[in-house]
Amino acid sequence: MNTVSVGESAGRDVQERCSIGAGASPGYLLPLLQLSDSALPTGAFSHSFGMESYLADGTITDEATFAAWLRAYVSRQLAYTDGLAIRMVFDALHLGDLDAVWNLDRLLAALTLPEQVRTAAATIGRRTAEVGTVVAPESFLGDYLAELDAGRCHGHPAVAFALLAHAVDAPPAAAIEAHLFAAVTSLTQNAVRAIPIGQTAGQRVQRSLHDVVADAVATAMTLTDEDLGAASPGLEIAQMRHRRQRARMFMS
């Protein structure tokens, strides 16, 4: 008679569950998580993208006012720039049109009116592309860096992120979601030390942005090319005012 002990049965159950879960996550998940890490060495942590202007004039003072600004920034600016740009890169790559990607990069630079934000996008975009070549060597990121070195492109994090996401077969919506939430995480960490608010408050803000990011993804997936670069004037004006602040913690 073949008998199996309770311990052996439990061990077998654990092995079966592990083997079932081993291939459950999509292959693009870890690359997206790596490139979405707030500790990624892109320099994003040194930029507030206009938040510091609102800190200086007293508009942002606590968790609630920061969350209100962040919701507006994601839904009224990032959805129409980074979110839509990622989808447009996917559309261009689906057609095998790299020239359209490079043209999009140049268009994003032209549409980014605040100088500090344009400079930040170029810097972070290049660093994202450089790190991305480590995460996904078989991508068009090397070609993108060649365009940057030749001065034919300016650099933008959404373009670099989309090139990596496409290379690892991520769906466009997943790529947009990961990129937008990475911005939420980075800016929340900046708010934690700049306002300051506590780490737990920062986590509450991030959780409250889940639906905002989801809505921004849905918006970006339905926008047309003519919507690219649309933003609330108040957000852009705050980003422009930042360069003339007397005291600054951040570069934008």
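Residues numbered from 1 in each chain as written. Predicted model: local features only at pLDDT ≥ 70, side-chain atom pairs only at ≥ 80, totals over all residues. Heavy atoms only, no water.

**Q** Describe unusual backbone geometry, and please don't skip the residues or the numbers.
**A** Going from Ile195 to Pro196, the amide bond is cis rather than trans, its omega being -10°. With respect to the helices and strands, the residue Pro196 is situated in the loop between α9 (172–194) and α10 (199–208). If you check the backbone angles, Phe49 has positive phi at about 50° while not being a glycine. Position of Phe49 relative to the elements: it lies in the loop between α2 (29–36) and α3 (51–56). By relative accessible area, Phe49 is classed as buried at 14%. Phi angles above zero are rare outside glycine, and Asp169 is one such case at about 65°. When you line up the elements, Asp169 lands in the loop between α8 (157–167) and α9. With relative accessibility at 63%, the residue Asp169 sits in the exposed group. (Helix = DSSP H or I, 4+ residues; strand = E, 2+ residues; numbered from the N terminus. Buried < 20%, exposed > 50% of the residue type's maximum accessible area, 1.4 Å probe, protein only.)

**Q** For helix α4 (residues 63–94), give the residues involved together with the corresponding values.
**A** The largest bend along α4 reaches roughly 65° and is located at Leu78. Sitting at the amino-terminal end of α4 is Asp62, which places a side-chain oxygen 3.4 Å from the backbone nitrogen of Ala64. Just past α4, the residue Gly96 takes up positive phi, approximately 70°. (Bend = angle between axes of the 7 residues up to and from the residue. Polar contact = N/O pair within 3.5 Å; in protein donor to acceptor, adjacent residues only side chain to side chain.)

**Q** Give a detailed account of the confidence of the model for the protein, specifying residues and quantitative values.
**A** On average, the protein scores 90 in pLDDT, and the residues at 70 or more come to 90%. Note that pLDDT drops below 50 for residues 1–21; the model gives that stretch two contacts with residues more than four away or on any other chain. (pLDDT = per-residue confidence, 0-100. Contact = heavy atoms within 4.5 Å.)

**Q** Give a description of the side chain of Ser36 that names residues and reports values.
**A** On the secondary structure map, Ser36 appears in helix α2. Polar side-chain contacts of Ser36 include one of 2.6 Å to the backbone oxygen of Leu32. Sequence-distant contacts of Ser36, that is, excluding residues within four places in its chain, are made with Phe161, Ala178 and Ala182.

**Q** How would you explain the environment of Arg152 if you had to name every residue and give the values?
**A** Topologically, Arg152 is positioned in the loop between α7 (141–149) and α8. Given the relative accessible area of 46%, Arg152 is considered partly exposed. In the structure, Arg152 is positioned 30 residues away from Ala182 in sequence and 27 Å away in space, judged by C-alpha atoms. Excluding anything up to four places from it in sequence, Arg152 contacts Arg106, Ala146 and Glu147.

**Q** A description of the packing of α8 against α9 should follow, citing residues and the corresponding values.
**A** When two helices pack together, their arrangement is given by the angle between their axes and by how far apart the axes lie. Orientation of α8 relative to α9, taken along the N-to-C sense of each, is 135°, at an axis distance of 10 Å. What the angle tells us is that α8 and α9 run oblique. Helix-helix and strand crossings are classified by hand; for α8 and α9 the assignment is right-handed. Of the residues in α9, those in contact with Pro157, Ala158, Phe161 and Ala165 of α8 are Ala175, Ala178 and His179. Per-class residue counts for the contact of α8 with α9 are six nonpolar, one polar and no charged. (Axes fitted to C-alpha atoms, helices over the stretch in contact; angles between N-to-C directions. Parallel < 35°, antiparallel > 145°, perpendicular 65-115°, else oblique. Left-handed = near helix turned anticlockwise from the far one by under 90°. Nonpolar A, V, L, I, M, F, W, Y, C, P; charged D, E, K, R; others polar.)

**Q** Let's hear about the packing of aromatic side chains: which residues, and what values?
**A** Inspection of every chain in the model, using the stated rule, returns four aromatic pairs. Here Trp69 and Tyr73 contribute two aromatic rings whose centre-to-centre distance is 5.2 Å and whose plane-to-plane angle is 10°, an arrangement assigned as stacked. You can see Trp69 and its partner Tyr73 sitting in helix α4, four residues apart, about one turn around the helix. The exposure classification of Trp69 matches that of Tyr73, with both residues buried. Grouping aromatic residues by their ring pairs yields a cluster made of Phe49, Phe66, Trp69 and Tyr73. (Phe/Tyr/Trp six-rings, centres within 6.5 Å; stacked < 30°, edge-to-face > 60°.)

**Q** Can you tell me about helix α11 (residues 210–222), naming the residues and giving the values?
**A** Over its 13 residues, α11 extends 19 Å from the first C-alpha to the last, a length consistent with the 18 Å expected when each residue adds 1.5 Å. Regarding α11, the residues found buried are Val212, Val213, Ala216, Val217 and Ala220. Across the axial projection of α11, the buried residues extend over an arc of 140°, all falling on one side. Structural note: α11 exposes Asp211, Asp215 and Thr222 on the side pointing more than 90 degrees away from its buried face. Packed against the buried residues of α11 are α4, α9 and α10. (Expected span 1.5 Å × (residues − 1). Arc of directions from axis to C-beta.)

**Q** Now, about the pattern of salt bridges: what can you tell me, with residues and values included?
**A** Under the criterion given, the structure shown has nine salt bridges. Across the salt bridge formed by Arg241 and Asp57, the nearest N and O atoms sit 3.0 Å from each other. Here Arg241, found in helix α12 (residues 233–241), pairs with Asp57, found in the loop between α3 and α4; they are 184 residues apart in sequence, far enough to count as distant. A relative accessible area of 37% places Arg241 in the partly exposed class. Here Glu63 ties to Arg204 by a salt bridge, and the two come within 2.8 Å at their closest N and O atoms. Residue Glu63 is found in helix α4, and its partner Arg204 is found in helix α10; the two are separated by 141 residues along the sequence. A residue is classified by how much of its surface remains accessible, and Glu63, at 23% relative accessible area, is partly exposed. (Salt bridge = Lys/Arg side-chain N within 4 Å of Asp/Glu carboxyl O.)

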